[in-house]
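# Coordinates in review
Chain by chain, the residues run as shown.
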Amino acid sequence: MEINDFSAIIQFTATVCIAFVTVEYVKSFIDVLCERFFKCQEFIINAFQECRDKLADKNTLENINAVDINGKSTNNKIEEAKRENEILRKDISDMEEQIKKELKSTCQVRSMSSLCFLIFLESVLILLVGGVEKRYIVFSHSLVVVLTFFSVIYLFIGWIRGEKDAQKYILTDFSSLKQPFYWFFISILFSIVILLVCSIFLSFESLRVCENTIDDIWWWSLVIYIIFSYLNFFVFALKINNKAEDFKKKVKDSKSVLIERCEAANKNVEKLQAASDLGGNELAVR
């Protein structure tokens, strides 16, 4: 088994990941998940339509006739109900537009570009290493083991800390594309240092043991790296889903407040309608 046996998979990984380095592709990825899979837009529309359905329609309001109750006309009450209805409909529309605008910013994942960029850099280097594998077998496999180890560690940290508001140090600022460069060069530096230390300080027998160990594990290291590279997209899909669920809770809270107002307004309209239908019976209208 050679590194080049994985070249097609690694090339595809690198191609997909470099696309997600650009902000527009990340936004498109988020939009597709939010709208088509998690149906956030549809949820917003249905939520605020439920509020509108609680209100009396225009025809109902127009067909309420003013009557005299205890010598007082209900005309003013009817006009107040109409104005309140219009205000509520405007508030619902304004809230709906505001929520839709907040959706895109709420579901953003700031660390995705950074993680994808490191995968791209590591994948390209692994492909280059595959070109010299037959001539420098031990060096190539050792480099693969260290590179993949650093990549998996970086992905783990990024998945856990990437979306949190931590202090932005050089190696923990997952919103920056500079950070993957640092991790990339550190992983290369460690590979060279480890190889030099092993070559200089280990005995021949110990060196042979290390070479045999690397020969046994490099293939698994590369397979795990490839799995984690694709798992990265699944993890971000889960992150976006969690953000979408939290956002839906916010929409439900906003909807609940509006529904209470709409139900109160509709009760007032029902009283006025009852007074109109009864032709001015003694019915208290508040």
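Residues numbered from 1 in each chain as written. Predicted model: local features only at pLDDT ≥ 70, side-chain atom pairs only at ≥ 80, totals over all residues. Heavy atoms only, no water.

In this section: the packing of helix α1 (residues 7-19) against helix α6 (residues 112-131). Between two packed helices, what matters for the description is the angle formed by their axes and the separation of those axes. In the contact formed by α1 and α6, the axes pass within 8 Å of each other and the chain directions differ by 150°. When the interaxial angle is binned, α1 and α6 end up roughly antiparallel. For the crossing formed where α1 meets α6, the hand is left-handed. Contacts between α1 and α6 involve Ser 7, Ile 10, Gln 11, Thr 13, Ala 14, Cys 17 and Ile 18 from the first element and Cys 116, Phe 117, Ile 119, Phe 120, Ser 123, Ile 126 and Leu 127 from the second. Partitioned by chemical class, the residues of the contact of α1 with α6 number 10 nonpolar, 4 polar and no charged. (Axes fitted to C-alpha atoms, helices over the stretch in contact; angles between N-to-C directions. Helix = DSSP H or I, 4+ residues; strand = E, 2+ residues; numbered from the N terminus. Parallel < 35°, antiparallel > 145°, perpendicular 65-115°, else oblique. Left-handed = near helix turned anticlockwise from the far one by under 90°. Contact = heavy atoms within 4.5 Å. Nonpolar A, V, L, I, M, F, W, Y, C, P; charged D, E, K, R; others polar.)

Per the counting criterion, the structure on display carries 9 salt bridges. Across the pair Lys 255 and Glu 50 runs a salt bridge whose closest N-O atoms are separated by 3.1 Å. Here Lys 255 is found in helix α9 (residues 204-277), whereas its partner Glu 50 is found in helix α3 (residues 40-53), with 205 residues between them in sequence. Across the salt bridge formed by Lys 82 and Glu 79, the nearest N and O atoms sit 3.8 Å from each other. On the criterion of helical spacing, the pair formed by Lys 82 and Glu 79 is a turn pair, its members being 3 residues apart in helix α5 (residues 75-106). Salt bridges here are not isolated pairs; linked through shared partners, they connect Arg 52, Glu 96 and Lys 100. (Salt bridge = Lys/Arg side-chain N within 4 Å of Asp/Glu carboxyl O.)

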